[in-house]
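The primary structure of each chain is shown beneath.
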Amino acid sequence: MSELSDLYQQVILDHNKKPRNFRKLDEPTRTVQGLNPLCGDQLTLYVDLDGDRITDISFQGSGCAISRASASMMTDSLKGKTTAEAEQLFEGVHRMLTSDTSEPVNTEGLGKLAVLSGVREFPTRVKCASLSWHALRNALKGEGSKVSTE
Ligand code: ZN
């Protein structure tokens, strides 16, 4: 097993056990519910915006380890970021998760989120990892309060 997959396992387990920002916001600017029917993952994402800056972000819900860890890491990475920076991270994560496994994985600019690249080896789990990110995108665009991976 490569070093990255070792790290991947550890990080996923750690975030699953102790998810960061796992709480409700009192009066969030945006609330989006995400559902991944394939696996049964569901989460509610709360975002506080001050102008175009994410001042606070949190989530609640139930789902598999990958969906929880991904949401936990996402909220960790996005606090204090601008919506444009968040959109860039979304693009980067999406590219990383959906790229062809025959090509070297591109994790440029993703920082700690790079450990999620391990997920692309398991196509059925990609939707688990991207659920929170799709909810984020809806939240940032203010497009609807529900998102499904189907
Ligand atoms: Zn899942």
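These figures come from a predicted structure and were not determined experimentally.

Asker: Honestly, the coordination of the zinc ion in this entry has me stumped. Any pointers?
Answerer: Each pair of donors in an ideal four-coordinate tetrahedral metal site encloses 109.5 degrees, whereas pairs in an ideal six-coordinate octahedral site enclose 90 or 180 degrees. Surrounding the zinc ion are the protein donor atoms Cys39 (SG), Asp41 (OD), Asp41 (OD), Cys64 (SG) and Cys128 (SG), which sit 2.2 to 2.6 Å from the metal. Summarised as a motif, the one-chain spacing of the donors to the zinc ion is C-x1-D-x22-C-x63-C. Of the two residues, Asp41 sits in strand S2 (residues 41-50) while Cys64 sits in the loop between strand S3 (53-62) and helix H2 (65-78), which places them 23 residues apart along the sequence. Both residues of the pair, Asp41 and Cys64, belong to the buried class.

Asker: I keep staring at the environment of Leu43 and nothing clicks. Help me out?
Answerer: Checked against the element boundaries, Leu43 lands in strand S2. Between the C-alpha atom of Leu43 and that of Leu13, which follows or precedes it by 30 residues, the distance is 18 Å.

Asker: I would appreciate a short explanation of the environment of Ala114 in the present structure.
Answerer: As for its placement among the helices and strands, Ala114 is situated in the loop between helix H3 (83-98) and helix H4 (126-141). Since its relative accessible area comes to 15%, Ala114 is described here as buried. Along the backbone, Ala114 and Met96 are 18 residues apart, and their C-alpha atoms lie at a distance of 8.2 Å.

Asker: What's the story with the packing of H2 against H4 in this structure? I'm lost.
Answerer: When two helices pack together, their arrangement is given by the angle between their axes and by how far apart the axes lie. The N-to-C vectors of H2 and H4 enclose an angle of 40 degrees; their axes lie 7 Å apart at closest approach. As summarised for this structure, H2 and H4 are arranged oblique, according to the angle between their axes. Here the hand of the crossing between H2 and H4 comes out right-handed. Where H2 approaches H4, its residues Ile66, Ser67, Ser70, Ala71, Met74 and Leu78 are matched on the opposing element by Cys128, Ala129, Ser132, Trp133 and Leu136. Residues belonging to the contact of H2 with H4 are distributed by class as follows: 8 nonpolar, 3 polar and no charged.

Asker: Would you explain the sheet that holds S2 in this entry?
Answerer: One open sheet accounts for 4 strands, arranged S3-S2-S1-S4; its pairing is mixed. Strands at the two margins of the open sheet, each flanked by one partner only, are S3 and strand S4 (146-148). Within the sheet, the average angular offset between the axes of one strand and its neighbour, ignoring direction, is 20 degrees. When S2 meets S3, the two strands line up antiparallel, connected through 9 bridges. Bridge pairing links Asp50 to Arg53 in S3. Where H2 meets the sheet, it contacts S2 and S3, and its direction lies at approximately 165 degrees from that of S3.

Scoring rules and cut-offs
Residues numbered from 1 in each chain as written. Predicted model: local features only at pLDDT ≥ 70, side-chain atom pairs only at ≥ 80, totals over all residues. Heavy atoms only, no water. Donors = N, O, S within 2.8 Å, 3.2 Å for Na, K, Ca; no water. Helix = DSSP H or I, 4+ residues; strand = E, 2+ residues; numbered from the N terminus. Buried < 20%, exposed > 50% of the residue type's maximum accessible area, 1.4 Å probe, protein only. Axes fitted to C-alpha atoms, helices over the stretch in contact; angles between N-to-C directions. Parallel < 35°, antiparallel > 145°, perpendicular 65-115°, else oblique. Left-handed = near helix turned anticlockwise from the far one by under 90°. Contact = heavy atoms within 4.5 Å. Nonpolar A, V, L, I, M, F, W, Y, C, P; charged D, E, K, R; others polar. Pairing = 2+ DSSP bridges.

That's the geometry; what it means functionally is another story.
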